[in-house]
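Listed below are the residues making up each chain.
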Amino acid sequence: MEASAPSKGIFDSANLEKREQVVALLQRAYWMEIETVMSYIAASVNLDGVRAQEIKESLAEDIEEELSHAKRFAERIKELYGVVPGSQEFAAEQSYLQPPEEQTDIVHVIRGVIHAETGAIEHYTRIVEETDGVDPVTQDMTIAILHDEQGHRRLFEGFLREYEFEGIA
Ligand SMILES: [Fe+2]
Ligand SMILES: [Fe+2]
């Protein structure tokens, strides 16, 4: 019986197809983060009113975090021998996070953020599943990012609850 070569996991030639699939999932994650940065910058600046301050500050903090997520996804794409896509490949998806008619419409923004975070949670959960047992490094990184998104979502659900309680949402 021939001794098999030690496994290199996701870098095994037998896992080439899987590696390409993971890179494609990471490229999508990268674009989701980039679009979220754009939307959160706009919302954190656009919102008006006394009640908007808390939301604006929270979004301003999230921008840095989402940007660091984008960088981590980009670095992992590179490590897996993929290419970080150029800006011409970008296609916007966050129709729900466009500026509201009225810049005091905080509830519109809160709902948009919850929508974006939910989308990220769904996609990153898929990456965690797809990398299970084959790419623990991508899985580990994505779990940490997923944890951040769950925290963001929970925070904004709390904001929404407050508005619902007051009958504004
Ligand atoms: Fe993120
Ligand atoms: Fe987030």
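Definitions and cut-offs
- Residues numbered from 1 in each chain as written.
- Chains lettered and ligands numbered in written order.
- Predicted model: local features only at pLDDT ≥ 70, side-chain atom pairs only at ≥ 80, totals over all residues.
- Heavy atoms only, no water.
- Helix = DSSP H or I, 4+ residues; strand = E, 2+ residues; numbered from the N terminus.
- Buried < 20%, exposed > 50% of the residue type's maximum accessible area, 1.4 Å probe, protein only.
- Areas by Shrake-Rupley, 256 points an atom, 1.4 Å probe, with all protein chains shown as cover.
- Lys, Arg positive; Asp, Glu negative; His and termini not counted.
- Charge placed at Lys NZ, Arg CZ, Asp CG, Glu CD.
- Core = buried A, V, L, I, M, F, W, Y, C linked by side-chain atoms within 4.5 Å.
- Contact = heavy atoms within 4.5 Å.
- Expected span 1.5 Å × (residues − 1).
- Donors = N, O, S within 2.8 Å, 3.2 Å for Na, K, Ca; no water.
- Axes fitted to C-alpha atoms, helices over the stretch in contact; angles between N-to-C directions.
- Parallel < 35°, antiparallel > 145°, perpendicular 65-115°, else oblique.
- Left-handed = near helix turned anticlockwise from the far one by under 90°.
- Nonpolar A, V, L, I, M, F, W, Y, C, P; charged D, E, K, R; others polar.

Chemist: I'd like to hear about the overall build of the protein chain, residue by residue, with values.
Modeler: A count of helical and extended segments in the protein chain gives four helices and zero strands. Secondary structure elements in the protein chain, listed N-terminal to C-terminal, are α-α-α-α. Across the 169 residues that make up the protein chain, the buried fraction comes to 42%. Total accessible area computed for the protein chain in this model is approximately 9,800 Å², and 52% of it derives from carbon and sulfur atoms. Each charge class in the protein chain was averaged separately, 15 positive and 34 negative side chains, and the resulting centres sit 3 Å apart.

Chemist: Got a sec to walk through the nonpolar core? Specific residues and values, please.
Modeler: The tendency in soluble globular proteins is for nonpolar side chains to be buried side by side. Counting residues in hydrophobic clusters, the biggest one holds 23 residues, and the most contacted among them are Leu-26, Tyr-30, Phe-73, Leu-80, Tyr-124 and Ile-127. When residues of this core are traced back to their parent elements, those giving at least two are α1 (16-46), α2 (52-79), α3 (106-130) and α4 (136-165). The element contributing the most residues to this core is α1, with eight residues. What Leu-80 contacts, discounting residues up to four positions off in sequence, is Ile-10, Phe-11, Arg-19, Val-22, Val-23, Leu-26, Asp-135 and Thr-138. Membership of the second largest hydrophobic core comes to 20 residues, among which are Tyr-40, Leu-59, Ile-106 and Ile-110.

Chemist: Mind laying out α4, listing which residues take part and the relevant values?
Modeler: An ideal rise of 1.5 Å per residue puts 44 Å on 30 residues; α4 measures up with 42 Å between its terminal C-alpha atoms. Thr-138, Gln-139, Met-141, Thr-142, Ile-145, Leu-146, Glu-149, His-152, Phe-156, Phe-159, Leu-160 and Tyr-163 are the residues of α4 that are buried. Those residues of α4 hidden inside the fold are in contact with α1, α2 and α3.

Chemist: Got a sec to walk through the coordination of the iron ion (ligand 2)? Specific residues and values, please.
Modeler: The protein atoms that coordinate the iron ion (ligand 2) are Glu-66 (OE), Glu-117 (OE), Glu-117 (OE), Glu-149 (OE) and His-152 (ND1), at distances spanning 2.0 to 2.4 Å. Sequence spacing of the donor residues for the iron ion (ligand 2), all on one chain, is E-x50-E-x31-E-x2-H. For the pair the iron ion (ligand 2) and the iron ion (ligand 1), the metal-to-metal distance amounts to 3.9 Å, and Glu-66 bridges them. Here Glu-117, found in helix α3, pairs with His-152, found in helix α4; they are 35 residues apart in sequence, far enough to count as distant.

Chemist: Now, about the coordination of the iron ion (ligand 1): what can you tell me, with residues and values included?
Modeler: The coordination sphere of the iron ion (ligand 1), as far as protein atoms go, consists of Glu-33 (OE), Glu-33 (OE), Glu-66 (OE), His-69 (ND1) and Glu-149 (OE), spread over 1.9 to 2.3 Å. Spacing between the donor residues of the iron ion (ligand 1) along their common chain follows E-x32-E-x2-H-x79-E. On the basis of relative accessibility, which here comes to 0%, the residue His-69 falls in the buried class.

Chemist: Go over the packing of α1 against α2 with me, naming the residues and quoting the values.
Modeler: Two elements in contact, α1 and α2, have axes separated by 8 Å at closest approach and are oriented at 160°. Viewed along their axes, α1 and α2 adopt a mutual orientation that is roughly antiparallel. The handedness of the crossing between α1 and α2 comes out as left-handed. Tallied by class, the residues present in the contact of α1 with α2 amount to 18 nonpolar, four polar and five charged.

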